[in-house]
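Close look at the chain arrangement
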Amino acid sequence: MGLFDDVGALAGQVVLVTGAGNGVGRAAALLAASRGATVLCVDRDEASMLETVGLIETAGRGVAHYRIAEITSEAEISRAIDQLVSLAGGTLDAVLHVAGIMRGQRVPLSELTLDTWTEVIVTNLTGAFLVSKYALAKMDSQRVGVVVLVASRSGITVPSGSLAYGASKGGIHGYAMSLEKQLSNTSIRVHTVCPGDVDTPLMRKSLEDALDNGADPAEIAKIRQSLGTAEEIASVLVHLIDPAAWGFSGTVMAG
């Protein structure tokens, strides 16, 4: 058994997961629950959310609650987090913020609309701000806690095929570093996890958009062959909220 393989490692922990309806968010919710956590799931798609909760309940380990919320709505996010934390007994130990979108893949600057730019920036960057703001309000700064924001290598170590996506993920990274400094006198850690290309519904749709916008099919085929899995990235996220990971800090490149 490895350092992070204890199936009971998160017993008694309450973990909020956004974007829990599919992809990395679902994989993280399932893994956290399998290690004994009470998982608070947030997504905007009720059907996919119910499927995630059903999978957790069928597995018989951990507990799941969910609320439907639009990540860009301050009122909805505030209400969802408040209700979920109340259901879990009023405590919150960790946040895995995975929710996000990608739009404008391979769209040149001259054709990128303000609507597309705004949708991506508000969903990805403002969403990270709203979730962390209202989640941290429920966390005890004197207790050990963890906030993990999912960014991307795109916009940080490599360019993105989407101008808006690259800007939003680079922004999350900068925001997380600043938040980490602001919380440096507390017992709450802040991480940014920056995955490479991962096989998720979001990525598959993005590659289709790239083809529609004139990308080389051979290039897209090569990308598809090299995609990582949602489970691989989820394992990194859940490792970071394990009490055994207290010595970790800052940005984590994954995948």
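Residues numbered from 1 in each chain as written. Predicted model: local features only at pLDDT ≥ 70, side-chain atom pairs only at ≥ 80, totals over all residues. Heavy atoms only, no water.

1. What to know about the overall build of the chain
- Within the chain, the regular secondary structure consists of eight helices and nine strands.
- For 255 residues, the compact-globule estimate of 2.2 N^0.38 gives 18 Å, and the chain sits close to it at 18 Å.
- Each of the 255 residues in the chain was classed as buried or not, and the buried ones make up 49%.
- Taken as a whole, the chain presents about 11400 Å² of accessible surface, with 53% of it coming from carbon and sulfur. (Helix = DSSP H or I, 4+ residues; strand = E, 2+ residues; numbered from the N terminus. Rg over C-alpha atoms; globule rule 2.2 N^0.38 Å. Buried < 20%, exposed > 50% of the residue type's maximum accessible area, 1.4 Å probe, protein only. Areas by Shrake-Rupley, 256 points an atom, 1.4 Å probe, with all protein chains shown as cover.)

2. Section: the packing of helix α3 (residues 74-87) against helix α4 (residues 114-136)
- Across the interface, α3 lies against α4 with an axial gap of 9 Å and an inter-helix angle of 35°. Read as a crossing pair, α3 and α4 show a hand that is right-handed. In this structure, α3 contributes E74, I77, S78 and I81 to the contact, and α4 contributes L130, V131, K133, Y134 and A135.
- Tallied by class, residues from the contact of α3 with α4 come to six nonpolar, one polar and two charged. (Axes fitted to C-alpha atoms, helices over the stretch in contact; angles between N-to-C directions. Left-handed = near helix turned anticlockwise from the far one by under 90°. Contact = heavy atoms within 4.5 Å. Nonpolar A, V, L, I, M, F, W, Y, C, P; charged D, E, K, R; others polar.)

3. Describing the pattern of salt bridges
- Enumeration according to the criterion identifies six salt bridges in this entry.
- The salt bridge involving K138 is made with D82; its shortest N-O contact spans 2.6 Å. Here D82 lies in helix α3 and K138 lies in the loop between α4 and β5 (145-150), a separation of 56 residues in the sequence.
- For D82, a relative accessible area of 34% translates into the label partly exposed.
- When the shortest N-O distance is used, the salt bridge between R143 and D93 registers 3.1 Å. Taken together, the residues R143 in the loop between α4 and β5 and D93 in the loop between α3 and β4 (94-97) connect sequence positions 50 residues apart.
- The class for D93 is buried, based on a relative accessible area of 4%. (Salt bridge = Lys/Arg side-chain N within 4 Å of Asp/Glu carboxyl O.)

4. With respect to the environment of E74
- Structurally, E74 is set in helix α3.
- Linking E74 and R35, residues 39 residues apart in sequence, is a C-alpha distance of 31 Å.
- Excluding anything up to four places from it in sequence, E74 contacts L130, K133 and Y134.
- Side-chain polar atoms of E74 contact the side chain of Y134, separated by 2.4 Å. (Polar contact = N/O pair within 3.5 Å; in protein donor to acceptor, adjacent residues only side chain to side chain.)

5. Quick look at helix α8 (residues 230-241)
- Between its first and last C-alpha, α8 extends 17 Å over twelve residues, near the 16 Å set by a 1.5 Å rise per residue.
- Residues A230, I233, A234, V236, L237, V238, L240 and I241 constitute the buried set of α8. (Expected span 1.5 Å × (residues − 1).)

6. Observations regarding the environment of W246
- Relative to the helices and strands, W246 is located in the loop between α8 and β9 (250-254).
- W246 sits 100 residues away from V146 along the chain, and the two C-alpha atoms are 9.2 Å apart.
- Excluding anything up to four places from it in sequence, W246 contacts V144, G145, S187 and R189.

7. Here's the deal with the pairing of strand β6 (residues 188-195)
- The element β6 is largely enclosed, with a buried count of eight among its eight residues.
- Of the two faces of β6, the one holding I188, V190, T192 and C194 and the one holding R189, H191, V193 and P195 are both buried throughout.
- Bridge count between β5 and β6: six bridges; the pairing is parallel. Bridge pairing in β6 places V146 opposite R189.
- The β-α-β motif built from β5, the intervening helix α5 (residues 163-182) and the parallel element β6 has right-handed crossover chirality.
- Strand direction decides the pairing type here: β6 and β9, joined by five bridges, are parallel. Bridge assignment links C194 to a residue of β9, and that residue is M253. (Pairing = 2+ DSSP bridges. Right-handed = clockwise from strand over helix to strand, strands pointing away.)

8. Regarding the nonpolar core
- Formed by 36 residues in total, the largest nonpolar core has its most connected members in V39, L96, V148, V193, L237 and I241.
- Of all the secondary structure elements, the ones that give two or more residues to this core are β1 (14-18), α1 (23-34), β2 (38-43), α2 (46-59), β4, β5, α8 and β9.
- Ranked by residues supplied to this core, first place goes to α8 with eight residues.
- Once residues within four sequence positions are removed from consideration, V39 is found in contact with V15, V17, A29, A32, A33, V63, A64 and H65. (Core = buried A, V, L, I, M, F, W, Y, C linked by side-chain atoms within 4.5 Å.)

9. What to know about the pairing of β5
- Among the six residues in β5, six count as buried, and that is most of the element.
- Of the two faces of β5, the one carrying G145, V147 and L149 and the one carrying V146, V148 and V150 are both buried.
- Here four bridges tie β4 to β5, and the two strands are oriented parallel to one another. Paired with V95 across the two strands is V147, which belongs to β5.

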